[in-house]
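Working through the structure, step by step
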Amino acid sequence: MNAPVASIPWLVATVVAIRSETASVKTMTFDVPCWPGHLAGQHVDLRLTAEDGYVAQRSYSIASAGGLGSRIDLTVDLVADGEVSGFLHEELTVGDRIELRGPIGGYFVWSPRQDNGLLLVAGGAGIVPLMSILRTRASAKSKRPARLLYSSRNADRIIYGDELDALAALPNGVVLTHTITRGAPPGWRGERSRIGRVMLTRREFMPADDPDVFVCGPTAFVETVAGHLVAMGHAASKVRTERFGPTGEQQE
Ligand SMILES: Cc1cc2nc3c(=O)[nH]c(=O)nc-3n(C[C@H](O)[C@H](O)[C@H](O)COP(=O)(O)OP(=O)(O)OC[C@H]3O[C@@H](n4cnc5c(N)ncnc54)[C@H](O)[C@@H]3O)c2cc1C
């Protein structure tokens with residue numbers, strides 16, 4: 001049983017590093033004294049308070065591998081006119097302190113103790129909690145099969161591209177499929193369309209080995225993909241979903 005979110009204390013986190021992942025995505029590393037550790041897939045609430053007392057609060061998935069330790073990574077996509085993502089991208093610098101609380105979530109989580117294979121489907125920034133799962137899987141040297149299907153608008157918007165390639169090259173590495181929805185570059189060897197039932201079937205995302213399924217991304221993307229997976233025979237109870245964006249947003 002998870003503690004109610006309101007009872008989780010706010011902690012002061014210090015920015016210790018910031019790096020660009022793509023032109024519109026940054027990863028911020030925070031040092032959080034008293035951080036209790038987290039599971040892959042969990043998120044934090046982040047709270048910004050202005051001098052006049054105005055408060056803005058948003059959720060961000062934890063990108064770093066599950067486990068103990070006082071450092072966590074958050075990866076933030078800059079949303080046009082976004083209040084909090086805009087602040088985090090344009091104002092936050094190393095040494096700044098912000099408030100966050102967590103870890104939050106007991107449903108969209110994975111631990112290496114889970115025995116089944118993994119099937120991960122990401123749209124855009126929805127890769128963030130799935131990257132935590134893959135990082136956790138790699139550090140545990142899990143041999144259970146894992147597949148990732150990752151949809152991006154174009155090749156420049158692929159987050160963690162080099163690290164994903166490295167994880168795919170490991171022994172028992174993740175089987176990685178990218179799809180680009182708006183203009184693949186010359187020589188592109190991945191998929192070239194939005195994720196649909198035909199692609200899921202062709203890419204061996206069938207339920208034969210009863211994998212644990214995690215789908216994350218914009219709301220419309222998650223609903224479309226999860227619907228296809230259940231229609232293909234995946235048990236609805238095994239298809240875990242996390243929605244990032246506002247209702248009605250287009251698929252990546
Ligand atoms: C559990 C959970 C985990 C999340 N994890 C991450 C994460 O790891 N990385 C990450 O970048 N985001 C993540 N998000 C989304 C994040 O919480 C914010 O919604 C996002 O950063 C936008 O906030 P903002 O204040 O910048 O935009 P706002 O000021 O709230 O919104 C500005 C405009 O953008 C639209 N908008 C709001 N959110 C989105 C969105 N996600 N995509 C597109 N348009 C949007 C609004 O409708 C509005 O028109 C997560 C959300 C949830 C619920």
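Surveying the vicinity of the ligand reveals 22 residues, the closest of which are R58, S59, Y60, V84 and S85. A distance of 2.8 Å is found between an oxygen atom of the ligand and a backbone nitrogen or oxygen belonging to V84. Protein contacts shield 73% of the accessible area of the ligand, which totals 900 Å² for the unbound molecule. Elements supplying a minimum of two residues to the shell around the ligand: β4 (55-61), β5 (71-77), α1 (83-90) and β11 (239-243). If one sorts the elements of the shell around the ligand by residue count, β4 sits on top with 4 residues. The residue makeup of the shell around the ligand, split by class, is 8 nonpolar, 7 polar and 7 charged. Each of domain 1 (5-104) and domain 2 (112-244) accounts for three or more of the residues forming the shell around the ligand.

Attention now goes to the domain arrangement of the protein. According to the domain assignment, the protein consists of domain 1 (5-104) and domain 2 (112-244). For domain 1 versus domain 2, the separation of C-alpha centres amounts to 24 Å. With 16 residues of domain 1 at the contact, the number on the domain 2 side is 16 residues. When domain 1 packs against domain 2, the two sides together hide about 1,200 Å² of surface, and 55% of this comes from carbon and sulfur. For the domain 1 face of the interface with domain 2, the top three residues by lost area are T22, S61 and A63, together amounting to 32%. Viewed at the interface, domain 2 and domain 1 are joined by 0 salt bridges. Where domain 1 packs against domain 2, one counts 5 residue pairs in polar contact (both at pLDDT 80 or more). At the level of elements, β1 (11-22), β2 (25-31) and β5 are the ones that each hand at least two residues to the side of domain 1 that touches domain 2. Counting residues per element, the side of domain 1 that touches domain 2 draws most heavily on β1, which supplies 3 residues. Here the residues of the side of domain 1 that touches domain 2 are counted per class, giving 5 nonpolar, 8 polar and 3 charged.

For the structure shown, the criterion picks out 11 salt bridges. Ionic pairing is found between E163 and R135, a salt bridge with its closest N-O pair at 2.7 Å. Of this pair, E163 sits in helix α3 (residues 161-169) while R135 sits in helix α2 (residues 127-139); the two residues are 28 residues apart in sequence, bridging distant segments of the chain. Look at E163 and you get partly exposed, because its relative accessible area is 30%. In this structure, the salt-bridge partner of K238 is D212, at a minimum N-O distance of 3.4 Å. Of the two residues, K238 sits in the loop between α5 (219-231) and β11 while D212 sits in strand β10 (residues 212-217), which places them 26 residues apart along the sequence.

What counts as what
- The numbers attached to residues start from 1 for each chain and follow its sequence in the written order.
- Thresholds applied to this predicted model are a pLDDT of at least 70 for local features of residues and 80 or more for the giving and counting of side-chain atom pairs; totals over whole chains, interfaces and linings are not thresholded and use all residues.
- In computing side-chain values, all of the structure's heavy atoms are included and hydrogens and water are not.
- When we say a residue is near a molecule or strand, we mean one of its heavy atoms is within 4 Å of it.
- Within 3.5 Å is the distance limit for a polar contact, defined as a pair of N or O atoms, with the added protein rule that one can donate a hydrogen and the other accept it, and that residues adjacent in sequence qualify only through two side-chain atoms.
- Accessible areas in this description were obtained via Shrake-Rupley with a 1.4 Å probe; residue shielding takes into account the shown protein chains only.
- Put simply, DSSP H or I for four residues or longer makes a helix, DSSP E for two residues or longer makes a strand, and each gets a number counted from the N terminus.
- In this classification, the charged set is Asp, Glu, Lys and Arg, the nonpolar set is Ala, Val, Leu, Ile, Met, Phe, Trp, Tyr, Cys and Pro, and all remaining amino acids, among them Gly, are polar.
- In this document the domain limits rely on a domain assignment from an automatic tool or a database.
- By definition, residues are in contact when any of their heavy atoms lie within 4.5 Å.
- Here the quantity called buried area is the total loss of accessible area, with a 1.4 Å probe, experienced by two parts when brought into contact, counted for both.
- Only one rule defines a salt bridge in this text: a Lys or Arg side-chain nitrogen within 4 Å of an Asp or Glu carboxyl oxygen.
- For every residue, the accessible area obtained with a 1.4 Å probe (protein chains only) is divided by the maximum for its type, and the residue is called buried under 20%, exposed over 50%, and partly exposed between those limits.

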